[in-house]
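Take a look at the letters that make up each chain.
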Amino acid sequence: MTFEVGNRLIAALDVDDRAKADALAATLGDAASFVKIGLELFCATGPAIVRDYASARRRVMLDLKLHDIPETVARATAQVDALGAELLTVHASGGRAMLEAAARAAKRTRILAVTVLTSLGDADLDAIGVRDRAAAQVVRLATLAKESGCAGVVASPHEARAIRDALGAGFLIVTPGVRPAGADAGDQKRVTTPKMARDAGADLVVVGRPIRDAHDPAAAARAIASELA
Ligand code: C5P
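A few points on the structure. (Residues numbered from 1 in each chain as written. Predicted model: local features only at pLDDT ≥ 70, side-chain atom pairs only at ≥ 80, totals over all residues. Heavy atoms only, no water.)

What about the packing of helix H1 (residues 18-28) against helix H3 (residues 48-55)?
Put simply, H1 and H3 touch, their axes get as near as 12 Å, and they point 20° apart. Comparing the axis directions of H1 and H3 gives the class roughly parallel. Judged by the sense of rotation from one axis to the other, the crossing of H1 with H3 is right-handed. Within the contact between the two elements, H1 uses Arg-18, Ala-21, Asp-22 and Ala-25 and H3 uses Ala-48, Ile-49, Asp-52 and Tyr-53. Of the residues assigned to the contact of H1 with H3, the class counts are five nonpolar, no polar and three charged. (Axes fitted to C-alpha atoms, helices over the stretch in contact; angles between N-to-C directions. Helix = DSSP H or I, 4+ residues; strand = E, 2+ residues; numbered from the N terminus. Parallel < 35°, antiparallel > 145°, perpendicular 65-115°, else oblique. Left-handed = near helix turned anticlockwise from the far one by under 90°. Contact = heavy atoms within 4.5 Å. Nonpolar A, V, L, I, M, F, W, Y, C, P; charged D, E, K, R; others polar.)

Below, the structure written as structure tokens:
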């Protein structure tokens, strides 16, 4: 099955209840190829939202960042697959056996491995025993994810170029931390514009607050998507 990236925009539905999610999704229409359901919304609403959106042909990235023993991740992945989410995140640092188990359990869902959380700096990596700097660790984990059968990775746009150079075309790179020029960065520290992320090799970008909090979310999404085209 080939994977169509559409307009390359994933709008994060970072809201705390179903009514708000449905309203935002409806407002967006087809201005974003995917919606991202993250931990907040999933914990608030349960899995039905994924099934309902997938049934309505809305493409869903389910951002659960699974990290557990291979058997548990495989069984959770099978459930997500049945719900119809097209993309599911797991932590690459769960290791080869866990990544392979997720990839095997996913029949239609594609597995994206989260490399290094963008909230971790070098001091944080030291504290958890990672001796490499973030950039090297990202490429190591992305390579492991590819070898293990994952469809792609979630990484900072700053690391997209190095991942693309190391792993070539055909491996999905999904980047959050993207802000249209002039937008508030919020708590994202090293942001890039949509165009910079695309030029660095990102296939899809995740954007949350600049769309959710816009006066006209659909117009904001369309403007970002046109920068990604
Ligand atoms: O509002 P903003 O555009 O910063 O939202 C980015 C989205 O991407 C949020 O849902 C956030 O949880 C997610 N994300 C991130 N950085 C990562 C992984 C996911 O910002 N490394």
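The rest of the description comes next.
Structural notes on the pattern of salt bridges
Counted under the stated rule, the structure contains 16 salt bridges. Between Asp-126 and Arg-131 there is a salt bridge; the shortest N-O distance is 3.9 Å. Overall, the relative accessible area of 38% leaves Asp-126 in the partly exposed class. By relative accessible area, Arg-131 is classed as exposed at 62%. Across the pair Arg-140 and Asp-132 runs a salt bridge whose closest N-O atoms are separated by 2.8 Å. Asp-132 sits in the partly exposed class, given a relative accessible area of 28%. What you see here is one network of salt bridges that share partners, running through Asp-122, Asp-126, Arg-131 and Arg-133. (Salt bridge = Lys/Arg side-chain N within 4 Å of Asp/Glu carboxyl O. Buried < 20%, exposed > 50% of the residue type's maximum accessible area, 1.4 Å probe, protein only.)

What to know about the packing of helix H7 (residues 134-147) against helix H8 (residues 157-167)
With their axes 10 Å apart at the nearest point, H7 and H8 run at an angle of 45° to one another. When the interaxial angle is binned, H7 and H8 end up oblique. With respect to the hand of their crossing, H7 and H8 are arranged in right-handed fashion. Along its contact with H7, which presents Ala-135, Val-138, Val-139, Ala-142, Thr-143 and Lys-146, the element H8 presents Glu-159, Ala-162, Ile-163, Ala-166 and Leu-167. Each residue belonging to the contact of H7 with H8 can be placed in one class, and the counts come to eight nonpolar, one polar and two charged.

Remarks on the site of the ligand
Around the ligand sit 13 residues, and of these Asp-14, Arg-179, Gln-188, Gly-208 and Arg-209 come closest. In this structure, an oxygen atom belonging to the ligand sits 2.7 Å away from a side-chain N or O atom of Asp-14. In this structure, Lys-36 approaches the ligand through a side-chain N or O atom, which is 2.9 Å from an oxygen atom. When the free accessible area of the ligand is taken as 460 Å², the share hidden by the protein chains comes to 83%. (Near = heavy atom within 4 Å. Polar contact = N/O pair within 3.5 Å; in protein donor to acceptor, adjacent residues only side chain to side chain. Areas by Shrake-Rupley, 256 points an atom, 1.4 Å probe, with all protein chains shown as cover.)

Some remarks on the pairing of strand E2 (residues 34-37)
Residue alternation in E2 divides its side chains into two sets, Phe-34 and Lys-36 and Val-35 and Ile-37, and both sets are buried. Where strand E1 (residues 9-12) and E2 come together, three bridges link them in parallel fashion. Bridge pairing in E2 places Ala-11 opposite Val-35. After leaving E1, the chain enters H1 and then returns to the sheet as E2, a path that is right-handed. With four bridges connecting them, E2 and strand E3 (residues 59-66) associate as parallel partners. Its bridge partner lying in E3, Ile-37 is registered against Leu-62. (Pairing = 2+ DSSP bridges. Right-handed = clockwise from strand over helix to strand, strands pointing away.)

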